[in-house]
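# Descriptive structure summary
The residues making up each chain are set out below.
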Amino acid sequence: LKLFVLKPISPNAMADASVAGGSIRVHVRCGALEQRDSFGLHVWGPAASKVTPWEAPQEAAGTDWFGPFFDVGLAPNAAAASLSVSGGPALGLQLHSGEDKRTCHEFSAASDVPEAGSEIWLGLGDKGPTTEAPSCMDVPCGDLGSGGARAHWLAEDVIAWRVAGNAPPGSSFRLYASSSATLQDGGTGGVKNCDTDAGPHVLTLKAKELTAELAAAHPYLKGCALLEVPKEAKARDLCRRQLAVAILAPGGECLDCTGVQLGALLDVLFTYKGPLGCVPGTPASGDAEVGVLLSLWSPTAQEVSVVFFDTPRGPALETLAMECSELGAWQLRGPGTWWGRYYTYRVKAYHPEVRKVVTMEVPDPYSSACSADAGRSLARHLPTWREVAPGGDPATWWKAHPAPAFEDRGRASVYELHIRDFSASDDLVPEDTRGKYVAFEKEGTHGDKHLRRLAAAGLTHVQLLPNYDFGTVPERAEDRREPAIPKGEAPDSELPQKLAAEVADVDGFNWGYDPVLFNVPEGSYATDPDGGARILEHRRMISALHAKGLRVVVDVVYNHTLGSGPEGPASVLDKCVPGYYHRRSESGAYECSTCMNNTAAERAMMERLVVDSILIWAKEYRVDGFRYDLMGHLPLKCVTDCRSALDALTLEKDGIDGKNILMYGEGWEFGEIAGG
C-alpha cells in the first residue's frame, strides 16, 4: 500500500545540504510517482574524478521535490581551458536504472564544465541544463518535453504505463493528440495544445499488472499498469499524430506526462503481407510493357509521394502522390516506361526523435538497385541469369553451373574473406578491377591460386564480410582518397598509421558493418556504383567462387542500421516508419547496445524484412550460407523463421536445396537482451 500526501511545496524548496568540496551537485528531474531510489547516475569523461561503470552508477546523495541529486566529484583543474578532451565529452552524465535510460547531458568542452561547488538542474526539456534553482511552478511534470515515451500502446483498447499504478486514489488519466506535433508539458497545468477533434480522451485504470498474454509478448514491460482506451479514441487515426498521456491528481493538477510508443499497436493494426518495393504491376492501358507498382509500408505517415529522376544525379522529373491502403502500404501504379527511372519517397510524418512533423526523403528500403551511396532507388527488374552467362539457357544454366557438392552442414569448414582485400594489392589483377567483385573471375592471380589450393585441401565455404550496401565507404571513386604510404618505412614506423588515419573516413576500406540498404550489393566493389552493374557483378563473383570449388557464405547485419532519425542519408527505416523499426527502451530512447541504432526484429514488419532479405540473397544471388552478426540480438522466432524459409527452397522449384544453406551467428547476450 502506497500513501500519497499532496501538499503545496515551496517554489524554492531544494536540498539544504552544502555541496561537497571538489564536486558539483547534479539535480535530475524525476517525477514523484517514479521509483526514484532505483536510479543512479552514470558519470564519464576526463573532468570527472571518478568514472562509474555502467553496471554500478553513482547513488543519489539525496532527493528533493525535483528528483534525486548527486554530488559528482571533479578532477583537479577539470574546467581549465587547457584540459585535453579526445574522443568524447569533458563530462557526461546519464540517469538510468539498468537499461532504462533517462536524462542525459554531455559537456563537450572542458570550459563548459561547471565550477566545483556549483549546482545544475537537468531534465527541463528544451530549456536544457540550468545553474539557477527552478521554481516548481515552471518545471515540467514529466518527460514529454525531453522526448520521453514511457507509455506503450499495446492493443487498440490498452496502453501500458508503469507509473500509472502508483497514482494516488482518485487520480484520472488522459490521452492527448496533435496532428501538428504541438503538445507541450504545461507543468502542473497539464498537457497543452491537444487537437480539438481528438480528445483529450479519458483513460481508466484497468489493472496494475499486464495480463499474462501481454507480459509474455512484452516481458520488459512486466509490472506496468494497464490503462483502458475508450472506443471513441480511433487508434488508426491517432497513430498518425503526436501522442501523450498524463496523470491528473484528484484536485486536477498534473502529476506526470509522457509520450507514447506505437510499435506493438502498429503490429496489431497494420501487419502487411502484400508486395513491397518496386515490383511488376498491371500494364497501363495500351502499354505493351509490364507496368510498375511502387509500395512502401508507412502506416504513421500523413502523406507519401514519389519523386522521379531520369539519372543518378540529375534534377527531379516529377513528384506523384501515393495512396494509402487499409494496412498502411502507400502505393502507386505506373506504366512500363517507368522502368529505368530513379526514385525516392517523400514521407511526411511525426518523428519522435525531434518531436515534430517532418518531411523526409528516403530511398526504398526494399530497393534491389540504386544510385551511388544509396542516394536514389532504381526502378528495374533484377538482371536475368542469362546475363550472368551470355548465351546460356536460363532453364538449364544452373544444372550446367551448380554450386559445389555439399551434403552435410556439420562438415562445413569456413574461411573469412574481405571482398576488397582479396585483390586490392594483387599485382596480377588488372588495376581497374582490384578490390572489385569481378576480380574473383580472374584466373591465375595470387588470390585465385590461393583459394583453389584451399578448396583442394578440403575447405568448403568462403565467408565474405558484409557485401550489402553499407554507408562507410564513398562509392564513387572521385569521392575517395587513399593513403599514400611511402615504401621502405621501418617496421616500427608510425607514419603509415598516421597517413591511413588521415583519410580513414573517405578511403576505400571498411569492414562494412554499417548497413543502409539490406537487399542491394555494396557499390564500392562494383565497376560502376550507379545502376545495375553491382547486381550483375556480384552474381558473377558468386559464380566464380563456385567454379573454384567453394560455396559462399555472406555476413549479414540485421541487428542495427548505420543511421536513424529524420535526417541524413544513412537513415532509411526510421524515416519510413519513425520509431518502429528500431528497438527503444521502456522510456523511449533508441537502444544502441550493438554499437548503434538497434533494430527491433520482434516487430512484425522488421522480422518480415529480415526473412525477405535472406530469401533474396539465397534465390537471386545463389549464396550458400548466412553468418549473422550479433544473432543474439534477434528474437528466436525471427531466426527460426529464417531457417524455415530457407528449408522450404527446393531444387525442383527454386534451383536450390535450402536445407544445405548454412545459418550460424554470434550468440552474445548483452545490453537490453541480457537474460533473455
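Residues numbered from 1 in each chain as written. Predicted model: local features only at pLDDT ≥ 70, side-chain atom pairs only at ≥ 80, totals over all residues. Heavy atoms only, no water.

This paragraph deals with the sheet that holds strand E6 (residues 100-107). Spatially, three strands are ordered E2-E5-E6 in an open sheet, and the strand pairing comes out antiparallel. Two strands in the sheet have a free side with no partner beyond their single neighbour: strand E2 (40-44) and E6. Strand-to-strand twist across the sheet, computed as the mean angle between neighbouring axes with direction ignored, equals 20°. Where E2 meets strand E5 (residues 91-97), five bridges bridge the pair, whose relative direction is antiparallel. (Pairing = 2+ DSSP bridges. Helix = DSSP H or I, 4+ residues; strand = E, 2+ residues; numbered from the N terminus. Axes fitted to C-alpha atoms, helices over the stretch in contact; angles between N-to-C directions.)

Within the structure shown, the criterion is met by 40 salt bridges. Lys348 is paired through a salt bridge with Glu303; the nearest N and O atoms lie 3.9 Å apart. Of this pair, Lys348 sits in strand E23 (residues 342-351) while Glu303 sits in strand E19 (residues 301-309), and the two are 45 residues apart along the sequence. Assessed through its relative accessible area of 46%, Glu303 is described here as partly exposed. Across the pair Asp448 and Arg452 runs a salt bridge, and its minimum N-O distance is 2.9 Å. You can see Asp448 and its partner Arg452 sitting in helix H5 (residues 446-456), four residues apart, about one turn around the helix. Among the ionic contacts, a cluster of salt bridges with common partners joins Glu34, Asp100, Arg102, Asp143, Arg150 and Asp256. (Salt bridge = Lys/Arg side-chain N within 4 Å of Asp/Glu carboxyl O. Buried < 20%, exposed > 50% of the residue type's maximum accessible area, 1.4 Å probe, protein only.)

Counting residues in hydrophobic clusters, the biggest one holds 127 residues, and the most contacted among them are Trp153, Trp297, Phe626 and Tyr628. Broken down by element, this core gets its largest block of residues, eight residues, from helix H9 (residues 604-620). The contacts of Trp153, once residues within four sequence positions are left out, are Val158, Ile159, Leu175, Val229, Ala235, Leu238, Leu243, Val260, Gln261, Leu262, Ala264 and Leu265. Judged by nonpolar contacts, the second largest core, of 21 residues, contains Ile24, Val28, Leu41 and Ala90. (Core = buried A, V, L, I, M, F, W, Y, C linked by side-chain atoms within 4.5 Å. Contact = heavy atoms within 4.5 Å.)

Right, let's talk about the packing of aromatic side chains for a bit. Taken as a whole and judged by the stated rule, the model has 13 aromatic pairs. A ring pair is formed by Phe470 and Tyr525, whose centres lie 6.1 Å apart and whose planes are at 65°; its orientation type is edge-to-face. Linking Phe470 in strand E28 (residues 468-470) with Tyr525 in the loop between strand E29 (515-521) and helix H7 (533-547), this pair joins segments that are 55 residues apart in sequence. The same class applies to Phe470 as to Tyr525, namely buried. By the ring-pair criterion, three or more aromatic residues cluster together here, those being Trp297, Tyr580 and Tyr581. Lying over the aromatic face of Phe308, Arg341 brings its terminal NZ or CZ to 4.9 Å of the ring centre. In this structure, Arg539 is placed above the aromatic ring of Tyr621, and the distance from its NZ or CZ to the ring centre is 5.6 Å. (Phe/Tyr/Trp six-rings, centres within 6.5 Å; stacked < 30°, edge-to-face > 60°. Lys NZ or Arg CZ within 6 Å of the ring centre and 35° of its normal.)

The next thing to look at is the pairing of strand E9 (residues 158-161). Side chains of E9 alternate between two faces, with Val158 and Ala160 and Ile159 and Trp161 buried alike. Summarising the sheet, strand E8 (residues 151-155) and E9 pair through four bridges and their orientation is antiparallel. Of the residues in E9, the one forming a bridge with His152 is Ala160. The loop that links E8 with its antiparallel partner E9 comprises two residues. Of the strand pairs in this sheet, E9 and strand E14 (residues 225-228) are connected by four bridges, and their pairing is antiparallel. From the neighbouring strand, Trp161 faces E14, where its bridge partner is Ala225.

With that out of the way, let us pick up unusual backbone geometry. In this model, Gly199 is joined to Pro200 through a cis peptide bond whose omega is 10°. With respect to the helices, strands and loops of the structure, Pro200 is situated in the loop between strand E12 (191-192) and strand E13 (201-207). A positive phi angle, close to 75°, is found at Asn193, a residue other than glycine. Residue placement: Asn193 occurs in the loop between E12 and E13. Owing to a relative accessible area of 40%, Asn193 belongs among the partly exposed residues under this scheme. Even without glycine at this site, Arg622 takes up a positive phi of about 60°.

The next subject is the sheet that holds strand E17 (residues 277-281). Strands sit in the order E17-E18-E22-E21 across an open sheet of four strands; the sheet is antiparallel. At either end of the open sheet lies a strand with only one pairing partner, and these are E17 and strand E21 (323-324). Here E17 pairs with strand E18 (residues 291-297) via five bridges, running antiparallel. If you follow Gly277 over to E18, its bridge partner there is Ser295.

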